[in-house]
Amino acid sequence: MKPETCAKIFSQRETVKGHFLMIVKAPVSFREAIPGQFIMVRLEGGNSPFLSRPFSIYSIYSRGDDTFVEIFYKVVGKGTDAFSRLREGASLDILGPLGRGFDVPASCRKVALVAGGIGVAPLSFLAQRCGEDIPGTEVICYLGAGSSEALAGLDRLEKICSTVEISTDDGSRGYHGSVTGLLKRDMDLYADDDTRIYSCGPRPMLRGLQELLKGRPPGTCQVSLEERMACGIGACLGCVARIRSDGEKGGMVRVCKEGPVFDIDRVEFGE
Amino acid sequence: MKPETCAKIFSQRETVKGHFLMIVKAPVSFREAIPGQFIMVRLEGGNSPFLSRPFSIYSIYSRGDDTFVEIFYKVVGKGTDAFSRLREGASLDILGPLGRGFDVPASCRKVALVAGGIGVAPLSFLAQRCGEDIPGTEVICYLGAGSSEALAGLDRLEKICSTVEISTDDGSRGYHGSVTGLLKRDMDLYADDDTRIYSCGPRPMLRGLQELLKGRPPGTCQVSLEERMACGIGACLGCVARIRSDGEKGGMVRVCKEGPVFDIDRVEFGE
Amino acid sequence: MNVKMGVDIGGVTLKNPVMTASGTFGYGEEYADYLDIGRLGAIVVKGLSLSPREGNPPPRIIETASGMLNAVGLQNVGVEEFIDKKLPYLRTIGSVVVANIFGESVEDYVKVADTLSNAKGVDLIEVNISCPNVRKGGIAFGSDPVLAGEVTRAVKSASGLPVIVKLTPNVTDITKIARSVEAAGADAVSLINTLTGMSIDIEKRIPHLKNITGGLSGPAIKPVALRMVWETVNAVSIPVVGLGGIMNASDALEFLIAGARAVQVGTANFINPSIAVDIIDGIENYLSDRGIGDINDLIGTLRI
Amino acid sequence: MNVKMGVDIGGVTLKNPVMTASGTFGYGEEYADYLDIGRLGAIVVKGLSLSPREGNPPPRIIETASGMLNAVGLQNVGVEEFIDKKLPYLRTIGSVVVANIFGESVEDYVKVADTLSNAKGVDLIEVNISCPNVRKGGIAFGSDPVLAGEVTRAVKSASGLPVIVKLTPNVTDITKIARSVEAAGADAVSLINTLTGMSIDIEKRIPHLKNITGGLSGPAIKPVALRMVWETVNAVSIPVVGLGGIMNASDALEFLIAGARAVQVGTANFINPSIAVDIIDGIENYLSDRGIGDINDLIGTLRI
Ligand SMILES: Cc1cc2nc3c(=O)[nH]c(=O)nc-3n(C[C@H](O)[C@H](O)[C@H](O)COP(=O)(O)OP(=O)(O)OC[C@H]3O[C@@H](n4cnc5c(N)ncnc54)[C@H](O)[C@@H]3O)c2cc1C
Ligand SMILES: Cc1cc2nc3c(=O)[nH]c(=O)nc-3n(C[C@H](O)[C@H](O)[C@H](O)COP(=O)(O)OP(=O)(O)OC[C@H]3O[C@@H](n4cnc5c(N)ncnc54)[C@H](O)[C@@H]3O)c2cc1C
Ligand SMILES: Cc1cc2nc3c(=O)[nH]c(=O)nc-3n(C[C@H](O)[C@H](O)[C@H](O)COP(=O)(O)O)c2cc1C
Ligand SMILES: Cc1cc2nc3c(=O)[nH]c(=O)nc-3n(C[C@H](O)[C@H](O)[C@H](O)COP(=O)(O)O)c2cc1C
Ligand code: FES
Ligand code: FES
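These numbers come from a predicted model, not from an experiment.

### Observations regarding the overall build of chain C
For step 1, the next point in the chain: Counting its regular elements, chain C contains eight helices and 16 strands.
For step 2, the next point in the chain: Taken over C-alpha atoms, the radius of gyration comes to 18 Å for chain C, in line with the 19 Å a tight globule of 304 residues would show.
For step 3, the next point in the chain: Overall, the C-alpha framework of chain C stretches about 55 × 50 × 40 Å when taken along its three principal axes.
For step 4, the next point in the chain: Here chain C holds 304 residues, and the buried ones make up 66% of them.

### Some words on the interface of chain D and chain C
When the parts of a complex come together, some accessible area is lost, and that lost area is often used as the size of the interface.
For step 1, the next point in the chain: At the interface, 43 residues of chain D touch 43 residues of chain C.
For step 2, the next point in the chain: A buried area of about 3,700 Å², summed over both sides, lies between chain D and chain C, and 64% of it is on carbon and sulfur atoms.
For step 3, the next point in the chain: Three residues, Met198(D), Ile202(D) and Arg205(D), lead the burial of chain D against chain C; their summed loss comes to 20% of the area buried on that side.
For step 4, the next point in the chain: Applying the counting criterion to the chain D and chain C interface returns two salt bridges.
For step 5, the next point in the chain: The salt bridge partner of Glu203(C) is Arg290(D), with a shortest N-O separation of 2.7 Å.
For step 6, the next point in the chain: Inspection of the chain D/chain C interface yields 18 residue pairs in polar contact (both at pLDDT 80 or more).
For step 7, the next point in the chain: Among the elements of the structure, strand E11 (195–198), strand E13 (206–207), strand E14 (213–217), helix H5 (222–233) and helix H6 (249–258) of chain D are those that each provide at least two residues to the side of chain D that touches chain C.
For step 8, the next point in the chain: Class assignment of the residues belonging to the side of chain D that touches chain C gives a composition of 25 nonpolar, 11 polar and seven charged.

### Thoughts on helix H1 (residues 79–91) of chain C
Residues and elements named next belong to chain C.
For step 1, the next point in the chain: End to end, H1 covers just 16 Å across 13 residues, shorter than the expected 18 Å (1.5 Å per residue, more than 12% under).
For step 2, the next point in the chain: Along its length, H1 reaches its greatest deviation from straightness, about 40 degrees, at Lys 85, and the proline Pro 88 lies no more than four positions downstream.
For step 3, the next point in the chain: If you follow the buried residues of H1, they end up packed against strand E4 (42–44), strand E7 (96–101) and helix H2 (106–117).

### As for the packing of aromatic side chains
For step 1, the next point in the chain: One pass over the full model with this rule turns up 24 aromatic pairs over all chains.
For step 2, the next point in the chain: Pairing Tyr109(C) with Phe141(C) gives two aromatic rings, centres 5.3 Å apart and planes at 90 degrees, and the pair type is edge-to-face. You can see Tyr109(C) sitting in helix H2 and its partner Phe141(C) sitting in the loop between strand E8 (124–128) and helix H3 (145–158), a full 32 residues away along the chain.
For step 3, the next point in the chain: One aromatic cluster is present, formed by Phe20(A), Phe55(A), Tyr73(A) and Phe83(A) through successive ring pairs.
For step 4, the next point in the chain: A cation sits over an aromatic face here: Arg290(C) above Tyr286(C), 3.9 Å from the ring centre.

### Some thoughts on the site of ligand 4
For step 1, the next point in the chain: Among the 23 residues in the neighbourhood of ligand 4, the closest are listed as Ser22(D), Lys166(D), Gly218(D), Gly245(D) and Thr267(D).
For step 2, the next point in the chain: Taken together, the residues near ligand 4 originate from chains A and D.
For step 3, the next point in the chain: Taking Ser22(D), its main chain carries an N or O atom lying 2.7 Å from an oxygen atom of ligand 4.
For step 4, the next point in the chain: Gly245(D) has a polar backbone atom sitting 2.7 Å from an oxygen atom of ligand 4.
For step 5, the next point in the chain: In the complex, the protein chains occlude 98% of the 600 Å² of accessible area that ligand 4 would expose alone.
For step 6, the next point in the chain: Of the residues belonging to the shell around ligand 4, the class tally is six nonpolar, 15 polar and two charged.

### A word on the packing of helix H3 (residues 145–158) of chain D against helix H4 (residues 174–183) of chain D
Residues and elements named next belong to chain D.
For step 1, the next point in the chain: Running from N to C, H3 and H4 point in directions that differ by 30 degrees, and their axes come no closer than 8 Å. One element, H3, and the other, H4, form an angle in the roughly parallel class. Read as a crossing pair, H3 and H4 show a hand that is right-handed. Each of Pro 145, Ala 148, Gly 149 and Thr 152 in H3 lies in contact with H4, whose residues at this interface are Lys 176, Ile 177, Ser 180 and Val 181.
For step 2, the next point in the chain: Along the lines of polarity and charge, the residues of the contact of H3 with H4 split into four nonpolar, three polar and one charged.

### Description of the site of ligand 1
Residues and elements named next belong to chain A.
For step 1, the next point in the chain: In the neighbourhood of ligand 1, 21 residues make up the surrounding shell, with Arg 53, Pro 54, Gly 79, Thr 80 and Arg 228 lying closest.
For step 2, the next point in the chain: At 2.9 Å from a nitrogen atom of ligand 1 is found a main-chain nitrogen or oxygen belonging to Ser 56.
For step 3, the next point in the chain: Take Glu 226: an N or O atom from its side chain is 3.4 Å from a nitrogen atom of ligand 1.
For step 4, the next point in the chain: Expressed as a share of its isolated accessible area of 840 Å², the protein-covered part of ligand 1 is 79%.

### Topic: the pattern of salt bridges
For step 1, the next point in the chain: In this structure the tally under the stated criterion is 44 salt bridges over all chains.
For step 2, the next point in the chain: The partner of Glu70(A) in a salt bridge is Arg156(A), with the nearest N and O atoms 2.5 Å apart. You can see Glu70(A) sitting in strand E6 (residues 66–74) and its partner Arg156(A) sitting in helix H3 (residues 154–160), a full 86 residues away along the chain.
For step 3, the next point in the chain: With a relative accessible area of 5%, Glu70(A) lands in the buried category.
For step 4, the next point in the chain: Across the pair Asp187(C) and Lys156(C) runs a salt bridge whose closest N-O atoms are separated by 2.8 Å. Note that Asp187(C) is positioned in the loop between helix H4 (174–183) and strand E10 (188–191) and Lys156(C) in helix H3, a separation of 31 residues in sequence.
For step 5, the next point in the chain: The class of Asp187(C) is partly exposed, set by a relative accessible area of 21%.

### A word on the sheet that holds strand E11 (residues 195–198) of chain C
For step 1, the next point in the chain: Strand order in the open sheet made by the four strands is E5-E6-E14-E11 (chain C), with antiparallel pairing throughout. On the outer flanks of this sheet lie strand E5 (61–64) and E11 of chain C, each paired with one strand and no other. Taking the axes of each pair of neighbouring strands and ignoring which way they run, one obtains an average angle of 40 degrees across the sheet.
For step 2, the next point in the chain: Examined bridge by bridge, strand E6 (residues 67–70) of chain C and strand E14 (residues 213–217) of chain C share three bridges and lie antiparallel to one another. Counterpart to Leu69(C) in the pairing with E14(C) is Leu216(C).
For step 3, the next point in the chain: Across the face of the sheet, H5(D) comes into contact with E5, E6, E11 and E14 of chain C while running at roughly 75 degrees to E11(C).

### Observations regarding helix H8 (residues 275–289) of chain C
All names here are of chain C.
For step 1, the next point in the chain: Helix length check: H8 (15 residues) gives 21 Å between terminal C-alpha atoms against 21 Å at 1.5 Å per residue, within 8%.
For step 2, the next point in the chain: Those residues of H8 hidden inside the fold are in contact with strand E3 (18–20), helix H6 (249–258), strand E16 (262–265) and helix H7 (268–271).
For step 3, the next point in the chain: Positive backbone phi, at 65 degrees, marks Gly 291, one or two positions downstream of H8.

### Some details on the nonpolar core
For step 1, the next point in the chain: Phe82(C), Leu116(C), Ile283(C), Phe82(D), Leu116(D) and Ile283(D) are the most contacted members of the largest nonpolar core, which has 316 residues in total.
For step 2, the next point in the chain: If near-sequence neighbours (up to four positions away) are discounted, Phe82(C) is found in contact with Tyr27(C), Val45(C), Leu48(C), Val77(C), Leu87(C), Leu90(C), Leu116(C) and Val122(C).

### Some thoughts on the relation of the copies chain D and chain C
For step 1, the next point in the chain: The two copies are related by a screw operation: chain D maps onto chain C through 180 degrees of rotation and 0.0 Å of translation along the axis, at an RMSD of 0.0 Å. This pairing of chains is accounted for by a two-fold axis.
For step 2, the next point in the chain: Same-surface contact between copies: 100% of interface residues of chain D are shared with the interface of chain C.

### Here we look at the side chain of Thr168(A)
All names here are of chain A.
For step 1, the next point in the chain: Among the structural elements, Thr 168 can be located in strand E10 (residues 163–168).
For step 2, the next point in the chain: A polar side-chain atom of Thr 168 sits 2.8 Å from the main-chain carbonyl oxygen of Arg 173.
For step 3, the next point in the chain: Sequence-distant contacts of Thr 168, that is, excluding residues within four places in its chain, are made with Ala 145, Gly 146, Ser 147, Ser 148, Leu 151, Arg 173, Tyr 175, His 176 and Gly 177.

### Focus: the environment of Leu51(B)
For step 1, the next point in the chain: With respect to the helices and strands, the residue Leu51(B) is situated in the loop between strand E3 (38–43) and strand E4 (53–56).
For step 2, the next point in the chain: On the accessibility criterion, Leu51(B) (4% relative accessible area) is buried.
For step 3, the next point in the chain: Between the C-alpha atoms of Leu51(B) and Met40(B), which are 11 residues apart in sequence, the distance is 9.2 Å.
For step 4, the next point in the chain: In this structure Leu51(B) touches Arg42(B), Met229(B), Ala230(B), Glu63(C), Met68(C) and Ile271(C), once residues within four positions along its chain are discounted.

Thresholds applied
- Residues numbered from 1 in each chain as written.
- Chains lettered and ligands numbered in written order.
- Predicted model: local features only at pLDDT ≥ 70, side-chain atom pairs only at ≥ 80, totals over all residues.
- Heavy atoms only, no water.
- Helix = DSSP H or I, 4+ residues; strand = E, 2+ residues; numbered from the N terminus.
- Rg over C-alpha atoms; globule rule 2.2 N^0.38 Å.
- Buried < 20%, exposed > 50% of the residue type's maximum accessible area, 1.4 Å probe, protein only.
- Contact = heavy atoms within 4.5 Å.
- Buried area = accessible area lost by both parts, 1.4 Å probe.
- Salt bridge = Lys/Arg side-chain N within 4 Å of Asp/Glu carboxyl O.
- Polar contact = N/O pair within 3.5 Å; in protein donor to acceptor, adjacent residues only side chain to side chain.
- Nonpolar A, V, L, I, M, F, W, Y, C, P; charged D, E, K, R; others polar.
- Expected span 1.5 Å × (residues − 1).
- Bend = angle between axes of the 7 residues up to and from the residue.
- Phe/Tyr/Trp six-rings, centres within 6.5 Å; stacked < 30°, edge-to-face > 60°.
- Lys NZ or Arg CZ within 6 Å of the ring centre and 35° of its normal.
- Near = heavy atom within 4 Å.
- Areas by Shrake-Rupley, 256 points an atom, 1.4 Å probe, with all protein chains shown as cover.
- Axes fitted to C-alpha atoms, helices over the stretch in contact; angles between N-to-C directions.
- Parallel < 35°, antiparallel > 145°, perpendicular 65-115°, else oblique.
- Left-handed = near helix turned anticlockwise from the far one by under 90°.
- Pairing = 2+ DSSP bridges.
- Core = buried A, V, L, I, M, F, W, Y, C linked by side-chain atoms within 4.5 Å.
- Least-squares fit on C-alpha atoms with pLDDT ≥ 70 in both.

As structure tokens, then:
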């Protein structure tokens, strides 16, 4: 049994403008969380907002007997706005860890992370675990944002990645253009079999990445998708994405259960 | 114009178990409030609870340029429960002062207050104002509660009233029985023309009081009624009580606008 | 940017598309302290009947999740006292005045409409057809296309004023009723009135409302209201006035984008008595932020 | 105090009156980690059709005030795969299993019901009649008393199992439909299914749901659901199963006091996956606190 838990906020602060790092005291079961997995979060009591909201796990750590979950989120609507107003000690209902995380083959020697905006959250956790679990692996992160002030999560990435490459849409820092444009420049670095690419970000960015990786062998790249969710556990069928069959599962597939991580070549992004 | 205001909680504490004293920083217009008037209070943002809740003004005071309104309430449901969880600095939407307060003739020499439970709130404000505005008036308060631990508002009453008489249903303190029973004992003290009785409390208590005062001249006693309210300003017609005509207004009368204070002889309590 | 906010309903120009809904704004005067009533596109007064009505016994209201139930029972001063005591104030405010009317027989409706048409100061009549027809065994006028058409036709011929017919959502197909009242000559339709609901006190095992059932309003019903407005916009060619759960400019914009020519703000007035002007300002800002110079260029621009 | 919680629906005994609603509890297995499924009175599985269905394209859900809209479009594995892959697990849980079925023609319904009647492990059939009859131009089976009766009669004669007919609230008079399905042989009715609603993205000016409209569920609709349950209880003599917005024991008790023989918990499962057992415990506590020894002594005790 892993029922919903009432969790207390341990700390919360705004990092980059409009982006909040929240640390929550969680059940010990969270220690088994895998990068790419997520949690469902809801304000305790009341109906505003009504549904729980999904957030990637940004990190898990323990101190003594206590386990902590970090989530890193951007305020985009009323749920995230309500969360951002909470202070230390406030209670949340949380459920997780949920979904299928990223697969990193032990043989992997080089990892490229392609993060668009707050899509950095699951990738940062992945970078941290790669560093811990497969030492010697090179982790290069491509981080894109609208402008230099919106580069969320950069500080931590600089500590845990071998290299961080930056792009901004307005050119205020790093490469001037999209993060896929930046990756394209470096594509020949990631030609080998022992290379893997992982990505999370807005749909147009992921679609661009899929285009860029056309012709690469299946399994080269995995992405974490975002869809509106109600249950987070595979029951409501609200969160589906169209996924190409891999022989077994295909069609309208649940992002919360079979995902949120999918091989990029299987995702049908549509128009 | 006296639109709804966003007010900050200055302080809040539990006095007697389940009873909270909340002090809110209010617009200067509140200085004109009359005992018996009330305010509509709502949590800022969100829909839980959805409607504003009415509370009597327990006191108004100023410090420097700031005006403060006190409300004294009992937790009985989800609105009052939500309010009780708020801390200093939290924001509320408040509207008021609203309704018609108690009339105290300047000629009044003796005032009896009959308070049932949290009904003490408007009466305590009335006692305070009588003391300030018509010096020399004797203010006797009859305060009833279920048991001695539920005697809310007693400390303040003891400071501002000439006498406080206590009744408890379980006899754990003061008179053993209802507060109207206690008043009945003293009824001959209140026979004169310059005497007035004011009351607030549960319906059965008010009905008992009406019974007790049968035959007294109209105007002897005023009560503050409680009905569920939506608007608080006379627009929704949700809060009506059946009031006997005084020649002008009668029938289904708005508690928020023509009340909450009515002459007791005009109230039709029904079964 | 200067935005044109005026809209036309049945030949009457509203300075903006925001009205206050019947039964939630009294006779206007109750709100005089809380907002500049002259800024409203229109005010719709509490439903008027031929004779004064006392309404239902209390309790009349109960809160529900994101909404409320009411069983006020159409308490009102009656059309005569309205004209004598309430209309003089309304004539001074500078907003369009809509008289909401109801009756228990077609003749009732006709008499009220006729009386109002002769009173200076009323610009539009809104016919509430959610009431039971006592002659026809209590079936609501608004739930039967034939009855709805009948009452519309009768009011239209009795009234010199343009007529909005206000539809009930408690029906299988609201477009049938809308088409029927359009055919009967309605100048516009407004929707939705409240959904019928109920709430029970589990301690006492009695209904919370003395009347047993009541009308559900507030944000809870907004999705239903918006769906019905959109269906109706696609079914009739007269203007549709949208309402039901509008709490802010964004909600109002949903209705306008769906094709409502105007909107009404109801229960929200109870939550914040000056909310209607906030909504007007919010709509204006939305338009000017997007360079839309005329509200009519936004109405009905939903892409599907 | 030892409280009797068992209730009877169509000759099947539920250990308590709490079921989980179709489409909100998957095929049961999804919740195995979150609660002891064997404690449930019954589980109603996601609606089953003859062939697997892909459902609607996303976005399929959007939150509303105290509720949500869904346009899942009845995605399901189809009745064959259900029997092969899902039913074996359900046979082991020790709760009553209700198969919810739907079709686009009477023949569809009959075939699904027939197939399920021959599969060991299904105790009851719940017939969802909110679906459009493609033959009859898309009019929903559930909004026409004649069609509703027809499909009920056909399913009853095809099925060896007791049949619950699940009614849609999007009708003028739900008691007409209820009486018609009762006359056609339904063993029970359940209500309500979702209210049809809509929501618009004012930035993009498109509907939030790809399907344009969706079904509204959650606490927002509870007052409407309770009113319809109460009306139906007074109109038919077969058991009524109440649902719509039940979030806690207190909500469930309102339905039981109104006369529902059992309740279903729907959207609430999404908010807290173990909520159904909390509701069972809450009902039991309410009864024992008040010295009511048998749930059946509470059902229908509303005083009006
Ligand atoms: C598996 C998963 C992991 C996620 N991880 C993170 C994370 O680590 N940090 C973070 O900031 N966000 C994350 N998101 C997105 C996050 O869930 C949404 O931003 C959040 O639900 C918005 O809630 P709201 O009430 O503030 O916005 P709403 O008021 O509901 O909507 C505001 C805007 O946000 C968009 N939005 C709403 N819900 C989602 C959603 N589920 N996915 C994508 N966009 C949405 C809407 O389209 C709309 O434009 C994740 C989403 C998923 C599905
Ligand atoms: C003019 C006026 C002045 C009031 N002054 C005070 C005050 O100074 N202190 C105080 O503690 N309370 C006061 N009340 C009562 C207070 O408004 C209610 O206790 C409160 O609204 C309950 O909200 P809730 O959400 O906690 O309860 P709910 O969950 O809404 O209901 C819980 C219980 O409270 C009762 N209740 C709900 N609303 C009212 C109401 N408006 N009047 C009476 N009973 C109600 C219900 O019948 C129910 O039994 C006053 C009421 C009025 C009308
Ligand atoms: C307390 C109250 C009284 C109402 N009285 C009337 C009325 O007299 N005539 C009428 O047509 N509608 C009446 N209504 C319905 C509203 O005008 C409106 O149609 C409904 O509340 C939905 O809008 P809302 O959700 O914005 O409130 C009343 C609603 C409420 C809440
Ligand atoms: C995501 C979702 C899927 C649903 N699928 C079905 C279904 O397949 N068959 C059915 O009869 N009802 C279905 N329903 C309706 C529910 O069973 C229930 O009638 C409705 O949601 C009201 O109850 P609630 O407010 O407790 O959720 C679905 C509801 C939701 C929210
Ligand atoms: S969120 Fe419910 S199935 Fe994925
Ligand atoms: S609360 Fe609305 S009229 Fe009194």
